[in-house]
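Examining the three-dimensional arrangement
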Amino acid sequence: MHIVVPIKQTPDTTAALTVDASGRISWGDAPLIVNPWDEFAIEESLRLKEKFGGKVTVITLGPESAKEALKQAVAMGCDEAILLHDPAFEGSDAVVTAAILAAAIRKLGAVDLVFMGKESVDGNSAQVPPALARRLGWPLLAYVGKIREVDPAGRTIVVERILEEGRQVVRAPLPAVLSAMQMNEPRYPSFMGIRKAARMQIQVWNAADLGLSPEQVGAAASAARWPAVFAPPRQEVQCEFIQGESPEEIARLLVDRLLAEKVL
Amino acid sequence: MDFQLSDEHRMVQQMVREFAEREIRPVIKEHDRAQKPIPWLFERMAALGLLGICIPVKYGGAGMDYISLGLACEELERVDSSLRVVMSVHVALNSLSLLQWGTEEQKRRYLVPQAKGERIAAYALTEPGAGSDAAAIRTTARRQGDVYILNGEKTWISLADLADHFLVIAKTDPEKGHRGMSAFIVERSFPGVKTGTIHGKLGVRAGNTGWIVFENTPVPVENRLGEEGEGFYIAMAALDNGRYTVAAGATGLIRACLEASVKYANERMTFGRRIGEHQLVQEMIAKMAASYEIARLLYLRAGWMKNMGMRNTRETSLAKWFATEAAVQAALDAIQIHGAYGYSDEYDVERYLRNAKGEVIYEGTSQIHTILQAEYALGYRKDRPLRCELPAYDPELWRAEPAMA
Ligand SMILES: Cc1cc2nc3c(=O)[nH]c(=O)nc-3n(C[C@H](O)[C@H](O)[C@H](O)COP(=O)(O)OP(=O)(O)OC[C@H]3O[C@@H](n4cnc5c(N)ncnc54)[C@H](O)[C@@H]3O)c2cc1C
Ligand SMILES: Cc1cc2nc3c(=O)[nH]c(=O)nc-3n(C[C@H](O)[C@H](O)[C@H](O)COP(=O)(O)OP(=O)(O)OC[C@H]3O[C@@H](n4cnc5c(N)ncnc54)[C@H](O)[C@@H]3O)c2cc1C
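Definitions and cut-offs
- Residues numbered from 1 in each chain as written.
- Chains lettered and ligands numbered in written order.
- Predicted model: local features only at pLDDT ≥ 70, side-chain atom pairs only at ≥ 80, totals over all residues.
- Heavy atoms only, no water.
- Helix = DSSP H or I, 4+ residues; strand = E, 2+ residues; numbered from the N terminus.
- Rg over C-alpha atoms; globule rule 2.2 N^0.38 Å.
- Buried < 20%, exposed > 50% of the residue type's maximum accessible area, 1.4 Å probe, protein only.
- Contact = heavy atoms within 4.5 Å.
- Areas by Shrake-Rupley, 256 points an atom, 1.4 Å probe, with all protein chains shown as cover.
- Lys, Arg positive; Asp, Glu negative; His and termini not counted.
- Charge placed at Lys NZ, Arg CZ, Asp CG, Glu CD.
- UniProt positions renumbered as here; feature names shortened; annotations may be inferred.
- Near = heavy atom within 4 Å.
- Domains from an automatic or database assignment.
- Expected span 1.5 Å × (residues − 1).
- Polar contact = N/O pair within 3.5 Å; in protein donor to acceptor, adjacent residues only side chain to side chain.
- Nonpolar A, V, L, I, M, F, W, Y, C, P; charged D, E, K, R; others polar.
- Patch = residues over 30% accessible without salt bridge, like charges linked within 9 Å, V, L, I, M, F, W, Y side chains within 5 Å.
- Salt bridge = Lys/Arg side-chain N within 4 Å of Asp/Glu carboxyl O.
- Phe/Tyr/Trp six-rings, centres within 6.5 Å; stacked < 30°, edge-to-face > 60°.
- Buried area = accessible area lost by both parts, 1.4 Å probe.

1. Structural notes on the overall build of chain B
- If you tally the helices and strands in chain B, you get eleven helices and ten strands.
- The C-alpha atoms of chain B give 21 Å as radius of gyration, which agrees with the globular expectation for 405 residues (22 Å, within 12%).
- Counting all 405 residues of chain B, 58% fall into the buried class.
- Counted over contacts in chain B with a minimum sequence separation of 6, partners at least 24 positions apart contribute 76%.

2. What to know about the overall build of chain A
- The helix and strand tally for chain A stands at seven helices and 13 strands.
- Principal axes of the C-alpha set define a box for chain A whose edges measure 70 × 50 × 40 Å.
- Looking at the 264 residues of chain A, the share that counts as buried comes to 46%.
- If you take every contact in chain A between residues at least 6 apart in sequence, the share linking residues at least 24 apart comes to 69%.
- By element, 53% of the accessible surface of chain A is carried by carbon and sulfur atoms, the whole surface being about 14300 Å².
- Once the 28 positive and 33 negative side-chain charges of chain A are each reduced to a mean point, those two points are 8 Å apart.

3. Here we look at the UniProt feature "domain: Acyl-CoA oxidase/dehydrogenase middle" (unreviewed entry) in chain B
- If you check UniProt for "domain: Acyl-CoA oxidase/dehydrogenase middle" (unreviewed entry), the listed places come out as residues 122-216 of chain B in our numbering.
- Annotated as residues 122-216 of chain B, this span is 0% helix and 49% strand, and its ends, taken at the C-alpha atoms, are 20 Å apart.

4. Quick notes on the site of ligand 2
Residues and elements named next belong to chain B.
- Close contacts around ligand 2 come from 16 residues, with Thr 126, Ser 132, Trp 156, Thr 365 and Gln 367 the closest.
- Out of a free accessible area of 980 Å², ligand 2 has 63% covered by protein chains.
- Of all elements in the fold, only β3 (147-158) and α10 (366-378) reach the threshold of two or more residues within the shell around ligand 2.
- For the shell around ligand 2, the element with the most residues is β3, which contributes three residues.
- When residues of the shell around ligand 2 are assigned to domains, at least three fall in each of domain 2 (122-232) and domain 3 (233-378).

5. Quick notes on helix α6 (residues 231-267) of chain B
- Between its first and last C-alpha atoms α6 of chain B spans 53 Å; for 37 residues at 1.5 Å apiece the expected length is 54 Å, and the two agree.
- Among the 37 residues in α6 of chain B, 29 count as buried, and that is most of the element.

6. Regarding the domain arrangement of chain A
- Along its sequence, chain A is carved into domain 1 (2-221) and domain 2 (234-264).
- For domain 1 of chain A versus domain 2 of chain A, the distance between C-alpha centres works out to 43 Å.

7. Side note on the UniProt feature "domain: Acyl-CoA dehydrogenase/oxidase N-terminal" (unreviewed entry) in chain B
- UniProt records the feature "domain: Acyl-CoA dehydrogenase/oxidase N-terminal" (unreviewed entry) for residues 6-118 of chain B in the present numbering.
- Secondary structure across residues 6-118 of chain B divides into 73% helix and 0% strand, with the first and last C-alpha atoms of the span separated by 30 Å.

8. Topic: the site of ligand 1
Residue and element names in this part refer to chain A.
- The environment of ligand 1 is made up of 29 residues, and the closest members are Lys 8, Asp 38, Gly 91, Ser 120 and Ser 125.
- The contact in question runs from an oxygen atom of ligand 1 to an N or O atom on the side chain of Lys 8, over 2.5 Å.
- Take Leu 61: an N or O atom from its main chain is 2.9 Å from a nitrogen atom of ligand 1.
- Calculation on ligand 1 without its partners gives an accessible area of 940 Å², and the protein chains cover 83% of this total.
- Looking at the shell around ligand 1, the elements that each hand over two or more residues are β6 (55-61), α3 (94-107), β8 (113-117) and α4 (128-136).
- Looking at side-chain class alone, the shell around ligand 1 contains twelve nonpolar, twelve polar and five charged residues.

9. Topic: the UniProt feature "domain: Electron transfer flavoprotein alpha/beta-subunit N-terminal" (unreviewed entry) in chain A
- Mapped onto this numbering, the UniProt entry annotates "domain: Electron transfer flavoprotein alpha/beta-subunit N-terminal" (unreviewed entry) at residues 22-214 of chain A.
- As annotated, residues 22-214 of chain A has a helix share of 31% and a strand share of 30%, and its two end C-alpha atoms lie 26 Å apart.

10. A closer look at a nonpolar patch on the surface
Residue and element names in this part refer to chain A.
- On the surface, Leu 17, Ile 25, Trp 27 and Leu 32 cluster together into a nonpolar patch covering about 350 Å² of accessible area.
- Tracing the sequence through the fold places Ile 25 in strand β4 (residues 25-26).
- Accessibility expressed as a relative area gives 45% for Ile 25, which makes it partly exposed.

11. A look at the packing of aromatic side chains
Residue and element names in this part refer to chain B.
- Enumeration according to the criterion identifies nine aromatic pairs over all chains in this entry.
- Consider the rings of Tyr 264 and Tyr 347, whose centres lie 5.7 Å apart with planes at 85°: the pair is edge-to-face. Taken together, the residues span a long stretch of sequence, with Tyr 264 in helix α6 and Tyr 347 in the loop between α8 (313-342) and α9 (349-359) at a distance of 83 residues.
- Taking relative accessible area as the criterion, Tyr 264 reaches 6% and is therefore assigned buried.
- Plain terms: the ring middles of Tyr 341 and Tyr 347 are 6.3 Å apart, the flat faces sit at 70° to each other, and that makes the pair edge-to-face.

12. Topic: the interface of chain A and chain B
- Taken residue by residue, the interface counts 13 residues in chain A and 21 residues in chain B.
- When the two sides are added together, the surface that chain A and chain B hide from each other amounts to roughly 1500 Å², 62% of it contributed by carbon and sulfur.
- It is Tyr 188, Phe 191 and Arg 195 of chain A in chain A that bury the most area against chain B; as a group they hold 53% of the surface buried on that side.
- Run the count over chain A and chain B and you get three salt bridges.
- When the shortest N-O distance is used, the salt bridge between Asp 7 of chain B and Lys 71 of chain A registers 2.6 Å.
- The tally of links between chain A and chain B comes to six residue pairs in polar contact (both at pLDDT 80 or more).
- Elements supplying a minimum of two residues to the side of chain A that touches chain B: α2 (67-76) and α5 (191-199) of chain A.
- Here the side of chain A that touches chain B takes five residues from α5 of chain A, the largest share from any one element.

Here it is, written out as structure tokens:
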């Protein structure tokens, strides 16, 4: 099987984000990491590779420095890594991001599965997976919590999707686009993987390599506009201790308060 | 000159940091309180390749360099000293001694399973009557045909109850002082080996420390490491590696103190301001920040010298001395910054102090390092080449797969 994992480099989840007057977002010198949701996709893909053979290719659309995220994925066990980078890509919205990823996946040739994270921890839109599936014309299996079976010869996959109402079992033909929920415990990079990643010359594909013209990418091609970006107002949290004579009384007072606040 | 870590080193650092944060941090306090080692620790460290991090692949290791060993120690001790102690005794004091002095057969039998983490190894020099004065040990090894018969007692041995293999220093010729000492690889399963735990330690309470008694223990001649009479030099060369891991680890402990103190100083308010805005608190933070950077540079230089195959006894001793003394001070100051909360085990800083105090005692007390540094500076001490030096790091050699048997 050839599995492609599109990953995004994001600020660490503990980074303190600030927004300046012009709407620029900054996370100071907080470290950049592989989007945590993408780590689940990487882990699951590596397990599929271990079971069925084949290879896992990671791709990312981002700046030169995003090579670090790719190296992290290679250190975990991915086989190949490609950076999609071109100054013209800057300002691409989720739909254009998906178009660029789709062009790269087509260029890779025979691909059986695209495994993504359910969303990024910075952009948070969860728009790239559906947009990419649409571009490729492949079925989308979003919010996957478990892979039940894969039949590479029969070219089908059965997964459990996690929905608000419960779990949904879906069968789809391959190739397909999947997005991962927290479905495993991502492995640490191995020393062998680290050595491989450190030595790897990461391929860079630009717009021309992907057969995309400047008008098809970047801010110009993007429909989404960001007229105002601001930090959400700080939530004022008040802590109230509920006291009483007995646990039963405290519980009753607590329920009353929760009802009064319309939490229940 | 290059002060940047390579991609490889950064990934090692990141990986070990994540392991320690994710798996050890949540459980360490409970194990420290109960004075109980984490039962699955070796298994996890082995799975990650940490127990053979800088041992060549052909001897079962991960094939990384000596700087990676240091970085791993820094990250491990940032969470708890007991983790780094495992690296010090298993990897540095024992396994690296086998790499440096061992015959091919000894490496095959002992180094390979140790590097893979299938067997755990310890280092036994100290005795009830001899610590700093290592030449005063009384354990004897008398040659009888094809075996040496070991008799004596070792104490304060890290992992005494848990290790499978011990590197034991004993006297083969008690008349000859430090030239009458030899080193032996002793298996726990050999007859007459008994071990026990030392309870009530001030620090490294999640780590095992104990005593070992040898009662007419027969050790095959082929288990002698190095030549007869070379034991003192082997023991001291081992310390060049052990001290390096302690230096790197203490650097991590300083960082832990700094991180905890910065966080607390930015949260705690007194007199209407964050305590970090009070200059006397700033002084303590500034000193921690400075000692962290100095300690880090010192151990990285020692690691670089090891990679290059340069003798580093002096530089490693300096790194160990500085980092451990600075760690004690950083931990004291971290408690001070935390006020009464730092004085309770609700926060980690009291554990940092208890752990730091051990570091100025083992692997050469601060007094011994002071004397060493003075003697080097005064020209009273010169290092003579060893018969076997620690091999310089050669990436090709370290990563070569074993030849098919
Ligand atoms: C504050 C803010 C400002 C922005 N400003 C602009 C702007 O000025 N102009 C504009 O057009 N857009 C802007 N964006 C949108 C930004 O470009 C999107 O974040 C981006 O297109 C990806 O969408 P997402 O992060 O929501 O990904 P999601 O759809 O949430 O990510 C889901 C999955 O898609 C994959 N994926 C996502 N991104 C990539 C990638 N780069 N490479 C490979 N795989 C990926 C990963 O597998 C990921 O887990 C802004 C976003 C934010 C939050
Ligand atoms: C947690 C822990 C783990 C340990 N693990 C190991 C291990 O794995 N293997 C092992 O072999 N040992 C181990 N040790 C033992 C350790 O190496 C010794 O404790 C250390 O070498 C000091 O020896 P000592 O305790 O006998 O002190 P002593 O040598 O008796 O020293 C007592 C005091 O006198 C001072 N002193 C001694 N000589 C001089 C001098 N010439 N000039 C000035 N001052 C001097 C010392 O600095 C110290 O302050 C461990 C110790 C601890 C605490």
